[in-house]
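Architecture and fold: a report
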Amino acid sequence: MKWSRILVFVGIFSASPLGAQQSYSASTATAIAAKREIVIDGSSTVLDAVTWISAGPKGALVVASGAERAMRFIDAAGGRVTTVGRSGEGPGEFRTLGPRGWNGDTLWVLDPALQRISSFTANGRFLGARKAPFPLLPPPGTPDPSLFVLPELLGRSQDGESFVRVSIRRGASIPQWAGTVPGGGRPILRVGADGQVKRMIGWSAPDQCVATTTTAGGEFQVSQPFCMNERPIIQEDGHAPVLARGMAEGAGQCAVQLTALEPETGRGSVRRVTMPAIPIPARVADSARAAYLGRAPTPQIADAMRKILEVPKAFPCVRTVIIGITGDLWLQPWGDDATSRWLLVSRGRPGIRALSLPRAFRGISANETGIIGVEADADGSESVVRYRVP
């Protein structure tokens, strides 16, 4: 299952109390229509594996191709396309195109392979590169300086500091300055440009989508199908890490809750949207169960998996979550229709709105004008399109 920027959910907990909370219900959504606009026509421009799309301030738009290690900067006024980057290790070149975001009108892009962050203007001019803030340096006096592993960049603040989610090395003790972290939880840290850890601002919940069993051949782990597991959302403006969780509400309802962790205190503002839960048909559950068991390397492991494999009664609450550069929240609930339903909660505008978009459309980014993504035609050619909302 593929999720856009963020994806499958489970419980999230904050190291600090929650702040302001806003609640919405899909049942009260006002229906609106969107106008389709082609940004890059796939019939005349070959788009090779769109990795991400970033809608920046003042209409700036960047389309990244992981296969080409290149980005297309699209001029907001005239639609002019400037291609920047290629495979390599020189200035403005990439081995991999990783997380990205905007600090004002400057786009930053992490290359995980080269461990560096490159910066560009909104029209694609290369500004420079600096080393990524890894390895992390815990505060002085930390008994085990190597306790943090698998750093994951979630965003960068306007002053050049970073928000990084980490895992805790097995067997390491939690330092007193980090407070209470649940077993398996992943701390979210504010980190200086030199990798120095400034503070812990929150933590995401342990992975609840993996079950473990023991066979004669040793320990074996199973990822449960259609499981709701937590993922962070990388906001385009990078001002605060956002954590998302999905949960069953009972009475055929589910909810998505997004918590933005304030970088200084970790206190979280919350937006919560409830909607109908979509039951998983028996044929789908049986097919998923058979597919998982069919991947077992031995009959003995398949028997062990069968005892712990669980298919939930309902699909995850949503397929996709997107937070636009202006803070607008886009949700794509599950559904089996020919069209795909999206929910929109706009910053500074009361209520919730709903619109239907083609099933072939894959939403990736958003700004104040609407949602942007890729859409395949009958021949399989992908175009970058925008659905403009009123």
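Parameters and conventions
Residues numbered from 1 in each chain as written. Predicted model: local features only at pLDDT ≥ 70, side-chain atom pairs only at ≥ 80, totals over all residues. Heavy atoms only, no water. 1 Å grid on protein atoms, 1.4 Å probe; cavity = no way out; pocket = protein on both sides within 12 Å on 5 of 7 lines; lining within 4 Å. Points joined across faces, edges and corners; volume = space filled by probe spheres on them. Nonpolar A, V, L, I, M, F, W, Y, C, P; charged D, E, K, R; others polar. Core = buried A, V, L, I, M, F, W, Y, C linked by side-chain atoms within 4.5 Å. Buried < 20%, exposed > 50% of the residue type's maximum accessible area, 1.4 Å probe, protein only. Helix = DSSP H or I, 4+ residues; strand = E, 2+ residues; numbered from the N terminus. Contact = heavy atoms within 4.5 Å. Pairing = 2+ DSSP bridges. Axes fitted to C-alpha atoms, helices over the stretch in contact; angles between N-to-C directions.

With that settled, consider empty space enclosed by the protein. With the rule as written, the count across this model stands at one cavity of 30 Å³ or more. Estimated volume of the largest cavity: approximately 40 Å³. Here the lining of the largest cavity is composed, by residue class, of four nonpolar, two polar and three charged.

Core analysis: the largest hydrophobic core is formed by 21 residues, its most contacted members being Leu258, Val273, Met275, Leu329, Leu331 and Leu343. At four residues, strand β21 (residues 253–261) tops the list of elements feeding residues into this core. The contacts of leucine 258, once residues within four sequence positions are left out, are Ile233, Val242, Leu243, Ala244, Ser269, Val270, Arg271, Val321, Ile323 and Leu329. Grouped together as the second largest cluster of nonpolar side chains are 18 residues, Ile117, Leu153, Val166 and Val191 included.

Relative to the elements of secondary structure, glycine 192 occurs in the loop between β15 (186–191) and β16 (197–204). Glycine 192 sits in the buried class, given a relative accessible area of 2%. C-alpha of glycine 192 to C-alpha of serine 162: the two residues are 30 residues apart in sequence and 6.4 Å apart in space. Discounting chain neighbours no more than four positions away, the residues touching glycine 192 are Pro133, Glu161 and Lys198.

Between phenylalanine 134 and proline 135 the backbone carries a cis peptide bond, its omega angle lying at 0°. Of note, lysine 58 is a non-glycine position whose phi angle comes to about 55°, a positive value. Take lysine 58: it is sitting in the loop between β5 (50–55) and β6 (61–65). Its identity is not glycine, yet leucine 150 carries a phi of approximately 55°, on the positive side.

The next point concerns the sheet that holds strand β11 (residues 116–121). The strand order β9-β10-β11-β12 describes an open sheet built from four strands, whose pairing is antiparallel. Whereas interior strands pair on both sides, the edge strands pair on one side only; in this sheet they are β9 (100–103) and β12 (126–131). The mean angle between the axes of side-by-side strands here comes to 25°, regardless of whether they run parallel or antiparallel. Sheet analysis places β11 next to β12, joined by five bridges and oriented antiparallel. Counted as the bridge partner of serine 119 is glycine 128 from β12.

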